[in-house]
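Results of the structural survey
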Amino acid sequence: MHYDYKKQLRSFGYAWKGIRSCVGKEQNLSFHLITTFVVILAGIRLGITRHEWIAVILCIGLVIAAELFNTAIERLVDLVSPQRHPIAGQVKDIAAGAVLVCALAAIVTGMIIFIPYLTRIFA
């Protein structure tokens, strides 16, 4: 059996190209990336545990992936339905709703992790 490493490397290249096509161009993704940076700095500064880092990293990955899926869906909808259409609008709204659900879960997880550290500092 032959494994094509060049093909695999090209796949990673296409994936990075997709991410780069959104970074700096999608306002919501930029917000999530800035928030990611702040959360990572806070985690380092507060010395969160290994298990807390796992939860934080999973939340970050989930939200950023959801935002990338949302962007892909929006662009595809714009391609196949350039004129306004109620179903096209619903598809975009549903995809945005999925991002919101992921972001809210990440916020709650972050609160569970960070609030005890912050109350010790400010109490």
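To keep things clear, this report deals only with the structure shown in the data block.

Rules used throughout
Residues numbered from 1 in each chain as written. Predicted model: local features only at pLDDT ≥ 70, side-chain atom pairs only at ≥ 80, totals over all residues. Heavy atoms only, no water. Patch = residues over 30% accessible without salt bridge, like charges linked within 9 Å, V, L, I, M, F, W, Y side chains within 5 Å. Areas by Shrake-Rupley, 256 points an atom, 1.4 Å probe, with all protein chains shown as cover. Salt bridge = Lys/Arg side-chain N within 4 Å of Asp/Glu carboxyl O. Helix = DSSP H or I, 4+ residues; strand = E, 2+ residues; numbered from the N terminus. Buried < 20%, exposed > 50% of the residue type's maximum accessible area, 1.4 Å probe, protein only. Phe/Tyr/Trp six-rings, centres within 6.5 Å; stacked < 30°, edge-to-face > 60°. Lys NZ or Arg CZ within 6 Å of the ring centre and 35° of its normal. Axes fitted to C-alpha atoms, helices over the stretch in contact; angles between N-to-C directions. Parallel < 35°, antiparallel > 145°, perpendicular 65-115°, else oblique. Contact = heavy atoms within 4.5 Å. Nonpolar A, V, L, I, M, F, W, Y, C, P; charged D, E, K, R; others polar.

**Some words on a nonpolar patch on the surface**
Taken together, the side chains of I34, F37, V38, I40, L41 and I44 define a hydrophobic patch exposed on the protein surface, amounting to about 590 Å² of accessible area. Structurally, the position occupied by I44 is in helix α2 (residues 27–46). The exposure class assigned to I44 is exposed, which follows from its relative accessible area of 58%.

**Here's the deal with the packing of aromatic side chains**
Overall, the coordinates contain zero aromatic pairs when judged by the stated rule. Here R120 stacks its cationic end above the ring of Y117, 5.0 Å away from the centre of that ring.

**Regarding the packing of helix α1 (residues 5–22) against helix α3 (residues 50–80)**
What describes two packed helices is the angle between their axes and the distance between those same axes. Remark: α1 packs on α3, axes separated minimally by 11 Å, with the N-to-C direction vectors making an angle of 80 degrees. Overall, the two elements α1 and α3 adopt an arrangement that is roughly perpendicular. Residues I19, S21 and C22 of α1 form the contact with α3, whose participating residues are L68, T71 and R75. Of the residues assigned to the contact of α1 with α3, the class counts are three nonpolar, two polar and one charged.

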